[in-house]
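Coordinate inspection notes
Take a look at the letters that make up each chain.
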Amino acid sequence: MGDFLCLMRLSLSKLTLALPHRLLAMAINRFPPHFTTADHRDRCLEQLRSKCAPLEKYIYLNGLKGRDANLFYDLLLGNMKEMVPILYTPTVGEACINYSHIWRRPEGLYVSIEDKGRIRDVLSTWSNIPDSRIAVVTDGSRILGLGDLGANGLPISIGKLDLYIAGAGIKPSSTVPICLDLGTNTQRYLDDPLYIGIRNRRPGPEQMNEFMDEFMEAMKEVFPNLLVQFEDFSTDNAFKYLDRYRDKYRVFNDDIQGTGSVILSGFINAANLSSAASGKPLGDHRILFFGAGSAGIGVAKQLLSFFTMQGLSPEEARSRIWTVDSKGLITADRKGLQEHKKFFARTDYEGHALTHLVDIINYVKPTALLGLSTSKNAFTEEVVKAMANINERPIIFPLSNPVHLSEVDYHNAIEWTDGKVIFASGSPYFPVTHKDVTYEPGQGNNMYIFPGLGLGAILSKARHVSDAMVEQASIALASSLTEEEKAAQLIYPRLTRIRDISAQVAFAVIRQAQREDLDMNGYLRTLPDDTLLALVHDKMWQPPAVPIPRL
């Protein structure tokens, strides 16, 4: 039956050639007499919606993808708002935590520290090397805000690639989900008899560097056309390996560059709304970051572009950004300051250490408060009201994922500011009605950026992913709002338009790669803008509609 069902994926003409008439009839007759693909699509949606727990929904969709990938992606494209939070944040975090216990079948490629010395051979076992164009690689060391999950991190790579497919039409057969199994420092996984990874603690920096160098060189040899996205590495390693490989391989880090790009885009639109209300120039905005890990510093560096766009010098731009960690305001004179925190460490504060967030807000007087701390409810009523007291329309972005780690919930932000807040979160929230007015939240979802960024890099055959390519992706997203979305004072477009948005992002990325002479697809340079944009749309994969044939 399994072989027959695989063959049913073919067109009728190909199927007729592949099977003798008698066997074809047997295959078709296994289906109920009144079976239709439209009815089955509705049946699958009904089955999905009958599951009460989000993790059960995830398991169901995972199984559906294994049985019928085309139907799975067809459902995903038609029900994006419903399914994306299941396949990615917030539910994917729960799937990762429990992956060793819900594992059903091989879904990606594991490369273990025990494979050191023969990584090329392991990569060569992948089934579809010639078509491979994009890999999402995690080492499971910092999954969302959930910590070191080790080999349980693979669903992060799988989920990201599903969003590449849905959001930008990347062909499923060209995707490669990879988890680097380097051990875990989480004792409960080491003690779990069902844990699927190696039962060792993580290697030291020297051994890790040797492994990563071999891995990246092997990736280039085995997959010569591949773009590599790093995902959810620990903070220090995220910065280290992006810097180590970005000029040598086709690689980018979504936690650093993708998150920074999508937040820059939302901030551009939020700043315009805030300045329209206050009458203050765009260059006068002041941003306070609560959380200074890889995502926080990555976003902060990306937001420097907002100020340089207003004509500020790089130093002036940096002076508009303050960072806060668990110890308080980050200043340059703090002992033992981590390397990645030094860039934004303040040299202009000489008073006593500021450790309370409200005190820091009253000192800095920020127009925007961004949270990347994974500290649930860190933005208390006192904090939010402090922002509202000094701003006509305060910008508050609680960006930590998943939603149970968000710094403030949307309904609280609306209530405590009497609806004045300009809000974007990392995970999705529902609209809120306050005093008979319904407010629609923004979501700084990386899905707005990385699918189009990846598609643009792939189509242009970019040798590297430059900072300017990431910045142009952000500007393209900010410019993609429809007139109706602008009238609703949204700062991000609605996710239902994701493929149109991704096409605009990819177009901007291609043109920037050409300006920097990073592209190797010379043909695209010959195309006028409208033709290039149409080509980007044409290159997007669509799940084929295969009717059930009748004899």
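A quick note: this is a predicted structure, and the numbers were derived from the prediction, not measured.

**Examining the domain arrangement of the chain**
Taken domain by domain, the chain comprises domain 1 (88-253), domain 2 (279-439) and domain 3 (447-539). Spacing between the C-alpha centres of domain 2 and domain 3 amounts to 28 Å. Each partner contributes to the interface: domain 2 provides eight residues, whereas domain 3 provides six residues. Counting the surface lost from both domain 2 and domain 3, the interface buries some 470 Å², and carbon and sulfur atoms represent 62% of this. Looking only at domain 2, the three residues that lose the most surface to domain 3 are Q302, M309 and R393, adding up to 56% of its buried area. At the surface where domain 2 touches domain 3, the tally comes to zero salt bridges. The tally of links between domain 2 and domain 3 comes to two residue pairs in polar contact (both at pLDDT 80 or more). Listed by contribution, the elements that provide at least two residues to the side of domain 2 that touches domain 3 are α16 (294-309) and β11 (422-425). Of the residues assigned to the side of domain 2 that touches domain 3, the class counts are five nonpolar, two polar and one charged.

**Description of the pairing of strand β7 (residues 321-325)**
In terms of residue burial, β7 counts as a mostly covered element, since five of its five residues are buried. The side-chain alternation of β7 yields two buried faces, one formed by I321, T323 and D325 and the other by W322 and V324. Note that strand β6 (residues 287-290) and β7 share four bridges and pair parallel. Bridged to I287 within β7 is I321. As judged from the two bridges shared by β7 and strand β8 (residues 328-329), these two strands associate in the antiparallel manner. Residue pairing for β8: D325 is matched across the bridge by G328. Taken together, β7 and the strand that follows it, β8, pair antiparallel across an intervening segment of two residues.

What counts as what
- Here, residues in each chain are numbered from 1, in the same order as that chain's written sequence.
- Restriction of local features to residues with pLDDT of at least 70 applies here, the model being predicted, together with a cutoff of 80 or more for giving and counting side-chain atom pairs; totals for whole chains, interfaces and linings are based on all residues.
- For side-chain calculations, the full set of non-hydrogen atoms in the structure is used, while hydrogens and water are omitted.
- Annotation comment: domain bounds sourced from an automatic or database domain assignment.
- Whether two residues are in contact is decided by their heavy atoms: any pair within 4.5 Å suffices.
- Buried area counts how much accessible surface, traced with a 1.4 Å probe, disappears from two parts once they are put together, with both parts' losses summed.
- Any Lys or Arg side-chain nitrogen located within 4 Å of an Asp or Glu carboxyl oxygen qualifies as a salt bridge.
- Nitrogen and oxygen atoms within 3.5 Å of one another constitute a polar contact, given that in protein one can donate a hydrogen and the other can accept it, and given that sequence-neighbouring residues count only through two side-chain atoms.
- Helical segments are the DSSP runs of H or I of at least four residues, strand segments are the runs of E of at least two, and each set is numbered from the N terminus.
- By the convention adopted, Pro, Cys, Tyr, Trp, Phe, Met, Ile, Leu, Val and Ala count as nonpolar, Lys, Arg, Asp and Glu as charged, and the other residues, Gly among them, as polar.
- Any residue under 20% of the maximum accessible area for its type is buried, any over 50% is exposed, and the rest in between are partly exposed; the area is computed with a 1.4 Å probe on protein chains only.
- In this analysis, strands are considered paired if DSSP registers two or more bridges between them.

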